[in-house]
Protein chains: 2
Amino acid sequence: MAWKDPDIETFRALWKKRAATRGQVTIPEQRATFDADMGAIPLAPGCVVESLDLSGVPAEKITPTGAAPGKALLYLHGGGHVFGSLKSHRHLVSRFAVAAGVTAFHIDYRLAPEHPYPAALEDALKVYKQILATGIAPEDVIVGGESAGGNLATALLLKVREDGLPQPAGLYLLSPWLDMTTAGESYVKVGARDPIITREGIEMVSAAYLGGKPDNAFTSPVRADPTGLPPMLIQVGSEEVLLSDSLTFADHAAMAGVEVKLHVWPEMPHAWPLFHVFISAGLAAIEEAGQWMRQRLDTKLRAAA
Amino acid sequence: MAWKDPDIETFRALWKKRAATRGQVTIPEQRATFDADMGAIPLAPGCVVESLDLSGVPAEKITPTGAAPGKALLYLHGGGHVFGSLKSHRHLVSRFAVAAGVTAFHIDYRLAPEHPYPAALEDALKVYKQILATGIAPEDVIVGGESAGGNLATALLLKVREDGLPQPAGLYLLSPWLDMTTAGESYVKVGARDPIITREGIEMVSAAYLGGKPDNAFTSPVRADPTGLPPMLIQVGSEEVLLSDSLTFADHAAMAGVEVKLHVWPEMPHAWPLFHVFISAGLAAIEEAGQWMRQRLDTKLRAAA
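What counts and what doesn't
- Residues numbered from 1 in each chain as written.
- Chains lettered and ligands numbered in written order.
- Predicted model: local features only at pLDDT ≥ 70, side-chain atom pairs only at ≥ 80, totals over all residues.
- Heavy atoms only, no water.
- Buried < 20%, exposed > 50% of the residue type's maximum accessible area, 1.4 Å probe, protein only.
- Helix = DSSP H or I, 4+ residues; strand = E, 2+ residues; numbered from the N terminus.
- Pairing = 2+ DSSP bridges.
- Right-handed = clockwise from strand over helix to strand, strands pointing away.
- Axes fitted to C-alpha atoms, helices over the stretch in contact; angles between N-to-C directions.
- Parallel < 35°, antiparallel > 145°, perpendicular 65-115°, else oblique.
- Left-handed = near helix turned anticlockwise from the far one by under 90°.
- Contact = heavy atoms within 4.5 Å.
- Nonpolar A, V, L, I, M, F, W, Y, C, P; charged D, E, K, R; others polar.
- Least-squares fit on C-alpha atoms with pLDDT ≥ 70 in both.
- Buried area = accessible area lost by both parts, 1.4 Å probe.
- Salt bridge = Lys/Arg side-chain N within 4 Å of Asp/Glu carboxyl O.
- Polar contact = N/O pair within 3.5 Å; in protein donor to acceptor, adjacent residues only side chain to side chain.
- 1 Å grid on protein atoms, 1.4 Å probe; cavity = no way out; pocket = protein on both sides within 12 Å on 5 of 7 lines; lining within 4 Å.
- Points joined across faces, edges and corners; volume = space filled by probe spheres on them.
- pLDDT = per-residue confidence, 0-100.

Novice: Looking at this model, I keep getting lost on the pairing of strand β6 (residues 170–174) of chain A. Mind explaining?
Specialist: One face of the sheet, then the other: side chains in a regular strand alternate in exactly this way. All names here are of chain A. Most of β6 is tucked away: five of the five residues are buried. Side chains Gly-170, Tyr-172 and Leu-174 project from β6 onto one buried face, and the interleaved Leu-171 and Leu-173 project onto a second face that is buried too. Looking at chain direction, strand β5 (residues 141–146) and β6 are connected through five bridges and run parallel. Bridge assignment links Ile-142 to a residue of β6, and that residue is Gly-170. Tracing the backbone out of β5, into helix α5 (residues 148–162) and back to the parallel element β6 gives a crossover that is right-handed. Direction of pairing for β6 relative to strand β7 (residues 232–237): parallel, over a ladder of four bridges.

Novice: Honestly, the packing of helix α4 (residues 119–133) of chain A against α5(A) in this entry has me stumped. Any pointers?
Specialist: Helices that pack against each other are described as a pair by the angle of their axes relative to one another and the distance between those axes. Residue and element names in this part refer to chain A. Viewed as axis vectors pointing N to C, α4 and α5 meet at an angle of 65°, and their least axial separation amounts to 9 Å. Here α4 lies roughly perpendicular to α5, going by the angle between them. Crossing angle aside, the handedness with which α4 passes α5 is right-handed. Mapping the contact onto sequence places Ala-120, Leu-121, Ala-124, Leu-125 and Tyr-128 in α4 and Leu-152, Ala-155, Leu-156, Lys-159 and Val-160 in α5. The residue inventory of the contact of α4 with α5, partitioned by class, reads nine nonpolar, no polar and one charged.

Novice: I'm lost on the relation of the copies chain A and chain B in this one. Help?
Specialist: The two chain copies are related to each other by a rotation about an axis together with a translation along it. It takes a turn of 180° to lay chain A on chain B, together with a shift of 0.0 Å along the axis; the resulting RMSD is 0.0 Å. Such a combination of turn and shift is consistent with a two-fold rotation axis. Taking C-alpha positions as the reference, the residue of chain A nearest the rotation axis is A:Leu262, at 2.5 Å. Looking at the interface residues of chain A, 100% of them are also at the interface in chain B, so both copies use one shared face.

Novice: How do you make sense of the interface of chain A and chain B when you look at a structure like this?
Specialist: Contact residues are listed per partner, giving 23 residues for chain A and 23 residues for chain B. Summing both partners gives a buried area of about 2,000 Å² for chain A against chain B, and 63% of it is carried by carbon and sulfur. Put simply, chain A and chain B have two salt bridges between them. Ionic pairing is found between A:Glu288 and B:Lys261, a salt bridge with its closest N-O pair at 3.7 Å. Applying the counting criterion to the chain A and chain B interface returns seven residue pairs in polar contact (both at pLDDT 80 or more). Elements with a minimum of two residues in the side of chain A that touches chain B: α6 (185–189), α8 (243–255) and β8 (260–265) of chain A. With six residues, α8(A) is the single largest residue contributor to the side of chain A that touches chain B. Across the side of chain A that touches chain B, the residue classes break down as ten nonpolar, five polar and eight charged. Both β8(A) and strand β8 (residues 260–265) of chain B contribute to a ladder of five bridges, which runs antiparallel. Of the residues in β8(B), the one forming a bridge with A:Lys261 is B:His263.

Novice: When you look at the pairing of strand β7 (residues 232–237) of chain B in this model, what are you seeing that I'm missing?
Specialist: Residue and element names in this part refer to chain B. The buried count for β7 comes to six of six residues, which makes it a mostly enclosed element. Side chains Met-232, Ile-234 and Val-236 of β7 all project onto a buried face; the interleaved residues Leu-233, Gln-235 and Gly-237 project onto the opposite face, where all are buried too. Taken together, β7, helix α8 (residues 243–255) and β8 form a β-α-β motif whose crossover is right-handed.

Novice: Help me understand empty space enclosed by the protein in this model?
Specialist: Where empty space is left becomes clear once a probe the size of a water molecule has been rolled over the atoms. In total, this model carries one cavity of 30 Å³ or more according to the counting rule given. Computed from the structure, the largest cavity encloses a volume of approximately 40 Å³. Taken together, A:Leu247, A:Ala250, A:Asp251, A:Leu262, B:Leu247, B:Ala250, B:Asp251 and B:Leu262 make up the full set of residues lining the largest cavity. For the lining of the largest cavity, the secondary structure elements donating two or more residues are α8 of chain A together with α8 of chain B. Class assignment of the residues belonging to the lining of the largest cavity gives a composition of six nonpolar, no polar and two charged.

Novice: Explanation requested: the confidence of the model for chain A in the structure shown.
Specialist: Reading predicted coordinates in detail is not appropriate for stretches of low pLDDT. Across chain A, pLDDT averages 96, with 97% of residues at or above 70. Interface scoring of the predicted complex returns ipTM 0.95; its pTM is 0.97.

Written out as structure tokens, the structure reads:
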């Protein structure tokens, strides 16, 4: 296949070489390599990072210059529920904070297999409650995440609904992983094109996250009724096995009367904004997400929409 | 159900009363009433309308003040392939022309049951070729339509692909009707909420359009392979039985690697921009579509996207 975006050819070649060089790795190795690789990418200019503890969950507050007071993004990083950290995703979260013009909360939720479901969801819920307890209004908060972080963000809002807590202003999902099974059509239709994720990889992290518990609506939000969730923006690449996760969830949300904006980016692999150093369309996607967050968080714009 | 948008309550009450008053109508009555009702809505200010003949198809050229030279929207009106006209849709097409800042071509393709498939598609293809023949580059054209016009717009691009002609810059679909059968899940899930369209209504216009011919990929684009179609924007209401048409087609296009932007508007009924006099969110949807068309037609923006 000939790619229209020249970055894609380069990225795919790089990733192929990397996979061939590394071979099989243990979970500690995977975590360390991912943290080193991603942690080396510089933050967006003008961001101040503060470490903090949110109800016992290690976290960071990332504040860009000129951030709108009292508005926040709670961002849940990806990594299959098994890897990813404050270090690996700091650069990405700082980009979202700048694009949205708000303070971002970036959290170190517990990872599997040491801490399977529902540990991460418990951490996310504690943090959401703590953010509201500091006086930030729910309509001034966006909850978002990519990949397994999109899974956790969606599960969090389902839990928020179950607990009768107020929903945030919006749910932002980037290449979300929303189905623990690998039943999605895209595993077959897109499988051969996906340069990053394989069915086997998903089966491994899924088993680690479930930890022997049965799959359910909080682990696989494609099995949830999305009624009452806030407006959502879903960005996904056409070249990823998780494409069906986005399409199926968008379908269910639409049928439930939820506002859905879905943007399928052609040629893009899984969670491409994380790789914006190699794929400049990642920055365009971050900008699009930031514009959407600004609109959702602007009281005047929201009333007019 | 309590509607958040106060226009919706008013519109639904109005439509219910209208349906109750009118009862069963013949096709000539339906055409006349629709033309009278919709034709009474004023054009967007500053538009010049010229009648023209495009390869034997009666048409209009609608040019707003300050339209970008050499850029065009080919708009195909809706009406179940059975009604709708230059008169009924002139106001809507003028709104799109202003929002996009381009000249719009609005055509009077042949209607069923007098002229079943493929009469309308033949007309649309002749017009598309004629527009290119006048020297407008395909990358400077957007093809769009609502409801049955979305059906025709999509069929046109499938035919353009089959004939080896160049694709336009984008495909705009508003509440498109993309499946002649009524197999979509939304007939069941949304049926009770749809204030405008019923399964029986779709069965009638579908039979008229097919005229005894078998359903195929050009009459039901959900049965087509969308590979090679241009980037598309699909806007659809959450309260319409045709919701599945949009979701299914978006799914197929995404899997085929086509750029898809899908916006599901909560609370909105079928083709609500047509009713912008009653539902002001119709104007917001037209503005969103216009912005997307501007981006697709701007060479610089397109290269950067």
